[in-house]
Amino acid sequence: MQGRNLVAAKAISAPHGIEQDDFSTAEADSGAATFTVATFNIRYGVGQRLISGGILRRLGMRNARRRPALIARNIALAARAFAEGRLLPRADVIALQEADKATRRAGGHHIARELAAALGMFYAHAAMAKPRGVLPAPRQWYLDFEEQIGIDDDGDSGVALLSRLPLRDLERIELPWFECAWRPRLALAGKLIWRDFPIFIFCVHIDPHASTSDRLVQHRAVLAKVEERAASCPAIILGDFNTLSKESCRTTRALFEEHGFSSPQPTGTPTWRSGPIKLHADWIFVRGLDVVRWGVARALRRVSDHWPVWAELRLP
């Protein structure tokens, strides 16, 4: 699926390290009282079965030739969910993590671009810029079921923002990383315009392999950028925080609340599942905005092992 074949894209320039394009046909309703944001670790569209899928792949029981069609189907499923308003409200802004671009594991698809084209939205994508020819460091066994990007794979993964609202002043934020240059360590920032008000948004993907204290270092880097760019403006921080324990959830929430942010999600809200294991990995934090309602779209299955988290917001 090629976006330019679906919607005539507008030619626009991109900041360094950020790819962007615009497939929008109409902006969000500027007269509406609220707008909806969502975050989704789309797991490059490969599906929900992390552990069993990893085992089958190691046993050679996964057919790589089916991967392009599988990913295309799952991008279409995600597009319908975000557009129809049945599983979650129609999203005005979507933050993506593990949004692969032309990797073999994603069947050659450009996840963010194709989803934006299907939804008729603007998108910005920041790739990890993975090191070439360097093997990643060993990982914890319980995190080693994920399919890695090959060192000879020209594709990459990253984070993205899709938007119906005007999105300006994009910035790629390199986060501190630990032990391995392959680990996700990116955030993508931008300024939304809603009813003529600027609202800053930060899409983050925090390292699951780092210790709790090291993950807090990455969060503090994002918060420092918030203070630099949005000290007096409403702000949204959302994404995959990889809070894989109760202690990690507790300390993460405390850190953001210390900086004036709040989340409507009770600590421990499941947003990721593999078999009987459920974890609170994905968050939406806001400052200077009211949350009208929120939810976790658990009915969206098959696309990823994460569920989208959404929040309907309004200015105070």
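You'll find the structure just up there.
Structure report, in brief. (Residues numbered from 1 in each chain as written. Predicted model: local features only at pLDDT ≥ 70, side-chain atom pairs only at ≥ 80, totals over all residues. Heavy atoms only, no water.)

1. Points about the environment of Trp307
Then, in step 1: Looking at the secondary structure, you find Trp307 in the loop between strand S13 (290-296) and strand S14 (309-314).
Then, in step 2: Its relative accessible area of 8% is what places Trp307 among the buried residues.
Then, in step 3: Counting along the chain gives 267 residues from Trp307 to Phe40, while the straight-line C-alpha distance between them is 6.5 Å.
Then, in step 4: Apart from the residues lying within four places of it in its own chain, the contact partners of Trp307 are Thr39, Phe40, Pro270, Thr271, Trp272, Arg273, Val296, Ala297, Arg298 and Leu300.
Then, in step 5: Within the structure, Trp307 has its side chain in polar contact with the backbone oxygen of Arg298 (distance 3.5 Å). (Helix = DSSP H or I, 4+ residues; strand = E, 2+ residues; numbered from the N terminus. Buried < 20%, exposed > 50% of the residue type's maximum accessible area, 1.4 Å probe, protein only. Contact = heavy atoms within 4.5 Å. Polar contact = N/O pair within 3.5 Å; in protein donor to acceptor, adjacent residues only side chain to side chain.)

2. Remarks on a positive patch on the surface
Then, in step 1: Together, Arg66, Arg73, Arg80 and Arg302 line one region of the surface with positive charge.
Then, in step 2: Relative to the assigned elements, Arg73 resides in helix H3 (residues 67-84).
Then, in step 3: Judged by relative accessible area, which is 37%, Arg73 ranks as partly exposed. (Patch = residues over 30% accessible without salt bridge, like charges linked within 9 Å, V, L, I, M, F, W, Y side chains within 5 Å. Areas by Shrake-Rupley, 256 points an atom, 1.4 Å probe, with all protein chains shown as cover. Salt bridge = Lys/Arg side-chain N within 4 Å of Asp/Glu carboxyl O. Lys, Arg positive; Asp, Glu negative; His and termini not counted. Charge placed at Lys NZ, Arg CZ, Asp CG, Glu CD.)

3. With respect to the nonpolar core
Then, in step 1: Phe40, Phe82, Ile94, Leu96, Leu115, Leu119 and Leu162 are the most contacted members of the largest nonpolar core, which has 33 residues in total.
Then, in step 2: Residue assignment for this core shows that the elements contributing at least two residues are strand S2 (35-41), H3, strand S3 (93-97), helix H4 (111-119) and strand S5 (158-163).
Then, in step 3: In terms of residue count, H3 provides more of this core than any other element does, seven residues in total.
Then, in step 4: Beyond its immediate stretch of four places on either side in the chain, Leu119 contacts Ala79, Phe82, Ala83, Ile94, Leu162 and Arg164.
Then, in step 5: In this structure, Trp194, Ile236, Ile284 and Ala311 belong to the second largest nonpolar core, which totals 32 residues. (Core = buried A, V, L, I, M, F, W, Y, C linked by side-chain atoms within 4.5 Å.)

4. Section: the packing of H3 against H4
Then, in step 1: At a minimum axis separation of 9 Å, H3 and H4 run at an interaxial angle of 45°. Judged by the inter-axis angle, H3 sits oblique to H4. At the point where H3 passes H4, the crossing takes the right-handed sense. Of H4, the residues touching H3 (which contributes Ile71, Ile75, Ala78, Ala79, Phe82 and Ala83) are Ile111, Glu114, Leu115, Ala118 and Leu119.
Then, in step 2: Looking at side-chain class alone, the contact of H3 with H4 contains 10 nonpolar, no polar and one charged residues. (Axes fitted to C-alpha atoms, helices over the stretch in contact; angles between N-to-C directions. Parallel < 35°, antiparallel > 145°, perpendicular 65-115°, else oblique. Left-handed = near helix turned anticlockwise from the far one by under 90°. Nonpolar A, V, L, I, M, F, W, Y, C, P; charged D, E, K, R; others polar.)

5. A look at the pairing of strand S8 (residues 197-205)
Then, in step 1: For S8, the tally of buried residues reaches seven of nine residues, placing the bulk of the element in the interior.
Then, in step 2: Where strand S7 (residues 186-194) lies against S8, nine bridges are found, and the strand directions are antiparallel. When the sheet's bridge partners are listed, Trp194 is paired in S8 with Phe197.
Then, in step 3: Turn length for the S7-S8 hairpin, with the two strands adjacent in sequence and antiparallel, is two residues, and the turn residue Arg195 shows positive phi of about 55°. (Pairing = 2+ DSSP bridges.)

6. Concerning the packing of helix H5 (residues 212-230) against helix H6 (residues 246-258)
If you want to describe how two helices pack, look at the angle between their axes and the distance between the axes.
Then, in step 1: The geometry of H5 relative to H6 is characterised by a closest axis approach of 11 Å and an angle of 25° between their N-to-C directions. Judged by the angle between their axes, H5 and H6 are roughly parallel. Considering the relative orientation of H5 and H6, their crossing is right-handed. Here H5 contributes Thr212, Arg215, Leu216, His219, Arg220 and Leu223 to the contact with H6, which in turn contributes Ser248, Thr251, Thr252, Leu255 and Phe256.

7. Brief notes about the sheet that holds S13
Then, in step 1: Ordered in space as S1-S4-S5-S3-S2-S14-S13, the seven strands form an open sheet in which the pairing is mixed. Each edge of the sheet is formed by a strand with only one pairing partner; in this case those strands are strand S1 (19-22) and S13. If you compare each strand with its neighbour and ignore which way they point, the axes differ by 15° on average.
Then, in step 2: Judged from the five bridges that link them, S2 and S3 form a sheet pairing that is parallel. When the bridges of S3 are listed, Thr39 appears paired with Ala95.

8. Notes on H4
Then, in step 1: Counting buried positions along H4 gives eight out of nine residues, so the element sits mostly inside the fold.
Then, in step 2: Residues Ile111, Ala112, Arg113, Glu114, Leu115, Ala116, Ala117 and Leu119 constitute the buried set of H4.
Then, in step 3: Within two residues after H4, Gly120 carries a phi angle of roughly 65°, on the positive side.

9. Notes on the pattern of salt bridges
Then, in step 1: Taken as a whole and assessed by the stated rule, the structure comprises 15 salt bridges.
Then, in step 2: The partner of Glu171 in a salt bridge is Lys225, and the shortest N-O contact between them spans 2.8 Å. Pair noted here: Glu171 is in strand S6 (residues 167-174) and Lys225 is in helix H5, with a separation of 54 residues, a long-range link.
Then, in step 3: Owing to a relative accessible area of 22%, Glu171 belongs among the partly exposed residues under this scheme.
Then, in step 4: The shortest N-O distance in the salt bridge between Arg172 and Glu174 comes to 2.6 Å.
Then, in step 5: With relative accessibility at 45%, the residue Glu174 sits in the partly exposed group.
Then, in step 6: A network of salt bridges, in which partner residues are shared, links Glu171, Lys225, Glu228 and Arg229.

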